[in-house]
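Structural characterization, general
Residues per chain, in single letters:
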Amino acid sequence: MYVVKSPLSDADLKTVGEALQGALVDLVDLSLVAKQVHWNVVGPRFRSVHLQLDEVVDTARLHSDTVAERAATLGVSPDGRSATVARSSGIGDVPDGWVKDSDAVQTLVDALGAVIGRMRERVDATGEADPVSQDIFIGVTADLEKHHWMFQAENR
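Labelled according to an unreviewed UniProt entry, the protein appears under the name DNA starvation/stationary phase protection protein, originating from Streptomyces luteolus. Note on the protein: under the UniProt heading Sequence similarities (unreviewed entry), the record states "Belongs to the Dps family."

Written out as structure tokens, the structure reads:
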């Protein structure tokens, strides 16, 4: 049931709705992954990595709200429930317990890389269907790629 009538065709709405939902799941999970690692990072670079992880959390949370509100604007009910995130995320497992700073950095490189790959697919999928949503995905991808670059530089 659609509460809000979308200006998009049914086919375009399906494409865009799936892209927005997938992005929401990935961003919610990215914020959880970064926060989990943030709480457990140890090592000589603890402080800098600890603070850098919170920057990723802030970015993911900001963009997850934008993505969810875009979905709602189009009449698609966003689903950020934990079961949905656990079932649908493209991010791999995160180690439990204490995480050495270099391993924490690699975990974020991997997580960001996975999300960026899926975001770029969404950019491609939504170009014709809804340039407004595509623009959101482009902005999200740019911000995530900046974090990805900075984390990659940490371990070189």
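Quick look at the pattern of salt bridges now. When the charged atoms of two side chains lie near each other, side chains of opposite charge can form a pair. Going through the model one piece at a time under the given rule, you end up with nine salt bridges. E18 serves as the salt-bridge partner of K14, at 2.5 Å between the closest nitrogen and oxygen. In this pair, K14 and E18 both sit in helix 1 (residues 10-40), four residues apart, roughly one turn of the helix. For K14, a relative accessible area of 51% corresponds to the exposed category. The partner of R81 in a salt bridge is D79, and the shortest N-O contact between them spans 2.8 Å. Classification of R81 by relative accessible area gives exposed; the value is 56%. Within the structure, one salt-bridge network assembled from shared partners comprises D26, R118 and R122.

Below, the discussion takes up the environment of F137. Counting through the fold element by element, F137 comes out in helix 5 (residues 131-154). Counting along the chain gives 42 residues from F137 to P95, while the straight-line C-alpha distance between them is 28 Å. Sequence-distant contacts of F137, that is, excluding residues within four places in its chain, are made with A19, L20, A23, M119, R122, V123 and T126.

Interhelical geometry of helix 2 (residues 46-73) versus helix 5 gives an angle of 170 degrees and a closest axis separation of 11 Å. Relative to helix 5, helix 2 is oriented roughly antiparallel. Residues V49, Q52, L53, E55, V56, T59, H63, T66, V67 and R70 of helix 2 pack against V132, S133, I136, G139, V140, D143, L144, H147, M150, F151 and E154 of helix 5. Counted by class, the contact of helix 2 with helix 5 contains 10 nonpolar, seven polar and four charged residues.

For helix 5, spanning 24 residues, the distance from its first C-alpha to its last is 35 Å, which sits close to the expected 34 Å at 1.5 Å a residue. Residues of helix 5 that are buried in the fold lie against helix 1, helix 2 and helix 4 (101-126).

Okay, the packing of helix 1 against helix 2 next. Where helix 1 contacts helix 2, the axes come no closer than 8 Å and their chain directions differ by 160 degrees. Taken as axis vectors, helix 1 and helix 2 run roughly antiparallel relative to one another. In terms of crossing hand, the pair formed by helix 1 and helix 2 is left-handed. Residues belonging to the contact of helix 1 with helix 2 are distributed by class as follows: 15 nonpolar, five polar and four charged.

All right, on to the UniProt feature "domain: Ferritin/DPS" (unreviewed entry) in the protein then. Under the UniProt annotation, "domain: Ferritin/DPS" (unreviewed entry) lies at residues 18-153. Taken end to end, residues 18-153 is 79% helix and 3% strand, and its two terminal C-alpha atoms sit 33 Å from one another.

Moving on, we get to the environment of I136. Note on placement: I136 falls in helix 5. Residue I136 is classed as buried on the basis of its relative accessible area of 17%. Expressed as a C-alpha distance, the spacing of I136 and T84, which sit 52 residues apart in the sequence, is 22 Å. For I136, the contacting residues outside a window of four places in its chain are T66, V67 and R70.

Cut-off values and rules
- Residues numbered from 1 in each chain as written.
- Predicted model: local features only at pLDDT ≥ 70, side-chain atom pairs only at ≥ 80, totals over all residues.
- Heavy atoms only, no water.
- UniProt positions renumbered as here; feature names shortened; annotations may be inferred.
- Salt bridge = Lys/Arg side-chain N within 4 Å of Asp/Glu carboxyl O.
- Helix = DSSP H or I, 4+ residues; strand = E, 2+ residues; numbered from the N terminus.
- Buried < 20%, exposed > 50% of the residue type's maximum accessible area, 1.4 Å probe, protein only.
- Contact = heavy atoms within 4.5 Å.
- Axes fitted to C-alpha atoms, helices over the stretch in contact; angles between N-to-C directions.
- Parallel < 35°, antiparallel > 145°, perpendicular 65-115°, else oblique.
- Nonpolar A, V, L, I, M, F, W, Y, C, P; charged D, E, K, R; others polar.
- Expected span 1.5 Å × (residues − 1).
- Left-handed = near helix turned anticlockwise from the far one by under 90°.

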